[in-house]
2 protein chains.
Amino acid sequence: MAEIRQERALRTREVLLRAAAEEFDEKGYAAALINQILARAGLTAGAMYFHFKSKEDLAVAVMNAQRHTIEPGLNARGLQRLVDITLVWAHQLRVDPLLRAGVRLAVEQGSFGMHDASTFLEWREIMVACLVDAESDKELMPGVVPEDIAEFVVGACTGIQLYANLVNGREDLVERTVRMWELLLPGVAVPSAARRISLDAERGRAS
Amino acid sequence: MAEIRQERALRTREVLLRAAAEEFDEKGYAAALINQILARAGLTAGAMYFHFKSKEDLAVAVMNAQRHTIEPGLNARGLQRLVDITLVWAHQLRVDPLLRAGVRLAVEQGSFGMHDASTFLEWREIMVACLVDAESDKELMPGVVPEDIAEFVVGACTGIQLYANLVNGREDLVERTVRMWELLLPGVAVPSAARRISLDAERGRAS
């Protein structure tokens, strides 16, 4: 019984999170309405308040759910895994409202008085893990520090999706991500590793 | 007489722009108040409405004034000029409210229903001009396209300042900009040019 209740609660939370993401993705934080989120979720306010106390609470949860939307389908490690993660991210940003809303809220958070770096730091950790593997596999150029690359790539990805969103609704974000790696790999990877790494945009669609 | 009136009008506009920038920089778009902007400027609503019809009008003007806050003090061209512009930008973002507000509004604009790429495209053009010189001076790696580099650097700078702002109030943005170039130059510049280019952080302070 307890397990069934717990499972149902988790499902309700997930439904709320998705409904909130759709609302935030379409309208942004300020214009999003709790009532609309409940209508999208088909739930009552009571069901929501069990999980989230406020619109801000929902926004924080959506903002910090980004990483669960990304799982590279291909089995790779080191630099190739890092590349794959960014390609999946670029592809998913075009189709997954949870990721879109998370990124939008993270970028616009200053406008509603929030100052929360956690999603950026979480991406940083995910990338550092790939880069530490890359380092131990001798893929990195001497003197290049995994943490520096990770922080730069998190920042750069944040900015290129913003730019792409303004100029063409992120239509060519996957191609922009490939170009980022074409520019970065010579400074990051030893030549033998750079040659081995595939920047095939289709890797972002594999699952 | 007409000239004096015009000069006075330009000065009033500049005072309003600076006052608005301070207000937007501190509070963001939603919380900024016209009355506070007027109080900061020491002007009446009538003086403002001659230049700007609304808070949105002021925000657009602040957002698009960014480029006037950046003038590299050092006389350089090509890639070195591009590097210098980003170093001045990183330095000025810590001290100039007009640039800070412009960048903040450009990043958060989605939250107040705006969708205006012009400041990004203006930065793109400034950078393309440097890169076209770099190309004719044979500084660029073969196959590297000035427009691609410019769009990537505009996006990357936007994102790294956002990341730096969240983790440490942009305290180390100049160092992050230097690291960006350390990672990028091997993929962008031929080795002889890469060796010649100075990434001395102090170049951002020169004027």
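Residues numbered from 1 in each chain as written. Chains lettered and ligands numbered in written order. Predicted model: local features only at pLDDT ≥ 70, side-chain atom pairs only at ≥ 80, totals over all residues. Heavy atoms only, no water.

A.B. asks: Lay out the UniProt feature "DNA-binding region" (unreviewed entry) in chain A in plain terms, naming residues and giving numbers.
C.D. replies: In the numbering adopted here, UniProt assigns the feature "DNA-binding region" (unreviewed entry) to residues 33-52 of chain A. Spanning residues 33-52 of chain A, this segment combines 75% helix with 0% strand, and its end C-alpha atoms are found 14 Å apart. (UniProt positions renumbered as here; feature names shortened; annotations may be inferred. Helix = DSSP H or I, 4+ residues; strand = E, 2+ residues; numbered from the N terminus.)

A.B. asks: An account of the environment of glutamate 122 of chain B is needed here, citing residue identities and associated values.
C.D. replies: Residues and elements named next belong to chain B. By the element assignment, glutamate 122 lies in helix α7 (residues 118-136). For glutamate 122, a relative accessible area of 27% gives the class partly exposed. As a C-alpha pair, glutamate 122 and asparagine 64 span 58 residues in sequence and 8.6 Å in three-dimensional space. Here glutamate 122 is in contact with Asn64 and Arg67, once residues within four sequence places are set aside. (Buried < 20%, exposed > 50% of the residue type's maximum accessible area, 1.4 Å probe, protein only. Contact = heavy atoms within 4.5 Å.)

A.B. asks: Can you tell me about the relation of the copies chain B and chain A, naming the residues and giving the values?
C.D. replies: By a simple turn and slide, chain B fits onto chain A: the slide is 0.0 Å along the axis, the RMSD is 0.0 Å, and the turn is 180°. What the superposition gives is, in effect, a two-fold axis relating one chain to the other. The fraction of interface residues of chain B whose copies in chain A are also interface residues reaches 100%, indicating that both copies meet through the same surface. (Least-squares fit on C-alpha atoms with pLDDT ≥ 70 in both.)

A.B. asks: How would you summarise the packing of aromatic side chains if you had to cite specific residues and measurements?
C.D. replies: Evaluated as defined, the whole model comprises 7 aromatic pairs over all chains. Each residue in the set Phe24, Tyr29 and Phe112 of chain A is aromatic and connected to the rest through ring pairs, giving one cluster. Directly above the ring of tyrosine 29 of chain B sits lysine 55 of chain B, whose terminal nitrogen or CZ lies 4.7 Å from the centroid. (Phe/Tyr/Trp six-rings, centres within 6.5 Å; stacked < 30°, edge-to-face > 60°. Lys NZ or Arg CZ within 6 Å of the ring centre and 35° of its normal.)

A.B. asks: Would you mind going over the UniProt feature "domain: HTH tetR-type" (unreviewed entry) in chain A in detail, with residue names and values included?
C.D. replies: Summarizing the sequence annotation, UniProt attributes the feature "domain: HTH tetR-type" (unreviewed entry) to residues 10-70 of chain A in the numbering used throughout. Within the segment residues 10-70 of chain A, helix and strand shares are 75% and 0% respectively, and the terminal C-alpha atoms sit 20 Å apart.

A.B. asks: With reference to specific residues and values, describe the interface of chain B and chain A.
C.D. replies: How big an interface is tends to be stated in terms of accessible area lost as the parts join. In this assembly, 36 residues from chain B lie in contact with 36 residues from chain A. Together, the buried faces of chain B and chain A total about 3,200 Å²; carbon and sulfur atoms form 70% of this surface. It is Tyr163, Leu166 and Leu183 of chain B that lose the most area in chain B upon contact with chain A, and together they represent 24% of the buried surface on that side. On the surface where chain B and chain A come into contact, there are 4 salt bridges. A salt bridge links aspartate 148 of chain A to arginine 179 of chain B; the nearest nitrogen and oxygen atoms lie 3.5 Å apart. Where the side of chain B that touches chain A is concerned, the elements lending two or more residues are α6 (97-108), α7, α8 (146-168) and α9 (173-188) of chain B. Of the residues belonging to the side of chain B that touches chain A, the class tally is 19 nonpolar, 9 polar and 8 charged. (Buried area = accessible area lost by both parts, 1.4 Å probe. Salt bridge = Lys/Arg side-chain N within 4 Å of Asp/Glu carboxyl O. Nonpolar A, V, L, I, M, F, W, Y, C, P; charged D, E, K, R; others polar.)

A.B. asks: Help me get a handle on the state of the cysteines, residues and values and all.
C.D. replies: Residue and element names in this part refer to chain B. The tally for this structure, following the rule as stated, stands at 0 disulfides over all chains. Free of any disulfide, cysteine 130 has its nearest neighbouring cysteine sulfur in cysteine 157, separated by 12 Å. Classification of cysteine 130 by relative accessible area gives buried; the value is 3%. (Disulfide = S-S within 2.5 Å.)

A.B. asks: Please set out the pattern of salt bridges residue by residue, giving values where relevant.
C.D. replies: For the coordinates displayed, the defined rule picks out 40 salt bridges over all chains. The salt bridge partner of aspartate 133 of chain A is arginine 77 of chain A, with a shortest N-O separation of 3.9 Å. Linking aspartate 133 of chain A in helix α7 (residues 118-136) with arginine 77 of chain A in the loop between α4 (55-63) and α5 (78-95), this pair joins segments that are 56 residues apart in sequence. You can call arginine 77 of chain A partly exposed: its relative accessible area is 44%. The salt bridge partner of glutamate 7 of chain B is arginine 11 of chain B, with a shortest N-O separation of 4.0 Å. Here arginine 11 of chain B and glutamate 7 of chain B lie together in helix α1 (residues 2-31), a separation of 4 residues that amounts to about one turn. The network of salt bridges with shared partners includes Glu22, Glu23, Glu26, Lys27 and Arg40 of chain A.

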